[in-house]
Amino acid sequence: MNQVSDVEMIRNCQRGDVSGFRTLVDRYKDRVYTTSLRIVGNVQDAEDIAQEAFIAAYKSIGSFDINRKFMPWLLKIATNLSIDHLRRKQPKAVPLDSPEVAEIQWNEYPLEIAETSELCQLTEQLVTQLPAKYRAAVSLYYTEELTYSEVADALDIPVGTVKTYLHRSREMLKKRLRVVLSESVKL
Amino acid sequence: MNCENVRQLLNEYIENNLTDAVSQSLSEHLRKCEQCAMEESILRTLLATLRSLPQKSAPADFTEHVMEELSKLDDVPATISTEKARLLSRLASKSGLQPAWIGMRMTARSVGFIKYVPRPTVRLRIGEDRSRSLTKFPLALGFRW
């Protein structure tokens, strides 16, 4: 149902009616903001990037193909801006998809996992320590529920690489989670 | 099915992407092997948690900020839309000018780089003395800035 309304609003924007775009911003701001935040890991930067993503989307909406889904297109813009932001910020750092980062930077977390919300919190923290492109893939696939090919399009990589990123992310997260859960059981 | 095969297929098993026969065989292994069952439990927990990570709320004034930034732009998106392209070709056929020239003018104005671009005009020459004119055609093409 949203898709139909999105199409209508996009058509209005293409005719120069900005008011329709306000509804699109209201509808998708949390998802764009969350994706940016998961990738850049900083509230202020995420807000700036999310705003920039909507402005970039508006500027390109004239050529937007209404047969495409709007949301994956919007998230692709936000993801690219977030990754570019990290590149600018850390030009000499380890490559954004290097697994070594995740291997060496696990922090210590409280070991007692009693509540699901605590588990969510822990997982969220662990996700922030994955390499940037893995974080983006995890966020787009699991949180935003994009398909493999939509994630591939957003990150401009083959579907096979998306699967590899997700597989490695799961392995890294599982490894750490296994330690935490087993220690939690012992307590 | 050995433990190594099972570990490789666990994600697809949890995601229900395996055939019934493979899935059945994997289930049997999990009933017998405590370590693989533990692996399955951890992966299942991880996937469920990843899917339920909370969405963050954008700041309350987020939309206003975006709309404020948009109001600073020209009101026409920079790229020419399908409708504009259609209008463009109609204009071009009426004025006799190349669509690309009119397009450049529209785009230049819409992106705000060039504020003063001549606008093509078509004037009806009814009642005018056309005897000294080079053409007897009743329409005059011109430019307005």
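Residues numbered from 1 in each chain as written. Chains lettered and ligands numbered in written order. Predicted model: local features only at pLDDT ≥ 70, side-chain atom pairs only at ≥ 80, totals over all residues.

### A few points about the overall build of chain A
Link 1 in the chain: Assigned secondary structure in chain A consists of nine helices and zero strands.
Link 2 in the chain: Ordered by position in the sequence, the α and β elements of chain A form the string α-α-α-α-α-α-α-α-α.
Link 3 in the chain: Here the analysis covers contacts within chain A between residues at least 6 apart in sequence; of these, 66% occur between residues at least 24 apart. (Helix = DSSP H or I, 4+ residues; strand = E, 2+ residues; numbered from the N terminus. Contact = placed C-beta atoms within 7 Å.)

### Here we look at the overall build of chain B
Link 1 in the chain: For chain B, the count of helices and strands is six helices and two strands.
Link 2 in the chain: Ordered by position from N to C terminus, the α and β elements of chain B give α-α-α-α-α-α-β-β.
Link 3 in the chain: Buried positions account for 12% of the 145 residues belonging to chain B.
Link 4 in the chain: Partitioning the contacts of chain B with sequence separation of at least 6, the portion at a separation of at least 24 is 43%. (Buried ≥ 20, exposed ≤ 12 C-beta atoms within 10 Å, placed from the backbone.)

### Structural notes on the nonpolar core
General note: in soluble globular proteins, nonpolar side chains tend to be found buried as a group.
Residues and elements named next belong to chain A.
Link 1 in the chain: The biggest cluster of nonpolar side chains holds 65 residues, and the ones touching the most others in it are Ala 53, Leu 74 and Ala 137.
Link 2 in the chain: Of the residues forming this core, the biggest block, nine residues, is contributed by helix H2 (residues 19-40).
Link 3 in the chain: Other than its neighbours up to four places away in sequence, Ala 137 contacts Val 151, Leu 155, Val 162, Tyr 165, Leu 166 and Ser 169. (Core = buried A, V, L, I, M, F, W, Y, C linked by C-beta atoms within 7 Å.)

### A look at the interface of chain B and chain A
Link 1 in the chain: In this assembly, 30 residues from chain B lie in contact with 39 residues from chain A.
Link 2 in the chain: Mapped by element, the contributors of at least two residues to the side of chain B that touches chain A are helix H3 (34-51) and helix H4 (62-72) of chain B.
Link 3 in the chain: Per-element accounting of the side of chain B that touches chain A gives the leading share, seven residues, to H4 of chain B.
Link 4 in the chain: Of the residues contributing to the side of chain B that touches chain A, the split by class is 16 nonpolar, nine polar and five charged. (Nonpolar A, V, L, I, M, F, W, Y, C, P; charged D, E, K, R; others polar.)

### Quick notes on helix H1 (residues 3-14) of chain B
Residues and elements named next belong to chain B.
Link 1 in the chain: Given a rise of 1.5 Å per residue, 12 residues ought to cover 16 Å, and the 16 Å separating the end C-alpha atoms of H1 matches this to within 8%.
Link 2 in the chain: Considered for burial, the residues of H1 that qualify are Val 6, Leu 10 and Asn 11. Buried residues in H1, looked at end-on, bunch into an arc of 140°, giving them a common side. Counted as exposed and oriented over 90 degrees from the buried face of H1: Glu 4 and Gln 8.
Link 3 in the chain: Among the residues trailing H1, Asn 16 stands out with phi positive, at a value near 60°. (Expected span 1.5 Å × (residues − 1). Arc of directions from axis to C-beta.)

### Details of helix H3 (residues 43-60) of chain A
Link 1 in the chain: An ideal rise of 1.5 Å per residue puts 26 Å on 18 residues; H3 of chain A measures up with 26 Å between its terminal C-alpha atoms.
Link 2 in the chain: Those residues of H3 of chain A that sit buried are Ala 46, Ile 49, Ala 50, Gln 51, Ala 53, Phe 54, Ala 57 and Tyr 58 of chain A.
Link 3 in the chain: Here the buried face of H3 of chain A lies against H2 and helix H4 (70-89) of chain A together with H4 of chain B.

### Quick word on the confidence of the model for chain B
Residues and elements named next belong to chain B.
Link 1 in the chain: A residue-level look at chain B finds 50% of positions with pLDDT of 70 or above and a mean pLDDT of 73.
Link 2 in the chain: Within chain B, helix H2 (residues 20-32) carries the highest mean pLDDT (94), whereas helix H6 (residues 99-111) carries the lowest (50).
Link 3 in the chain: Counting interchain partners and residues more than four positions distant, the pLDDT-below-50 stretch residues 78-82 has 16 contacts.
Link 4 in the chain: Per-residue pLDDT stays below 50 along residues 111-115; that stretch engages in six contacts with residues further than four places along the chain or on separate chains.
Link 5 in the chain: In the model output, the complex is listed with pTM 0.69 alongside ipTM 0.79. (pLDDT = per-residue confidence, 0-100.)

### Here's the deal with unusual backbone geometry
Residues and elements named next belong to chain A.
Link 1 in the chain: Positive phi outside glycine occurs at Glu 145, with the angle close to 55°.
Link 2 in the chain: With respect to the element layout, Glu 145 can be found in the loop between helix H7 (132-143) and helix H8 (148-155).
Link 3 in the chain: Look at Asp 156: it is not a glycine, yet its phi comes out positive at around 60°.
Link 4 in the chain: For Asp 156, a count of 11 C-beta atoms within 10 Å translates into the label exposed.

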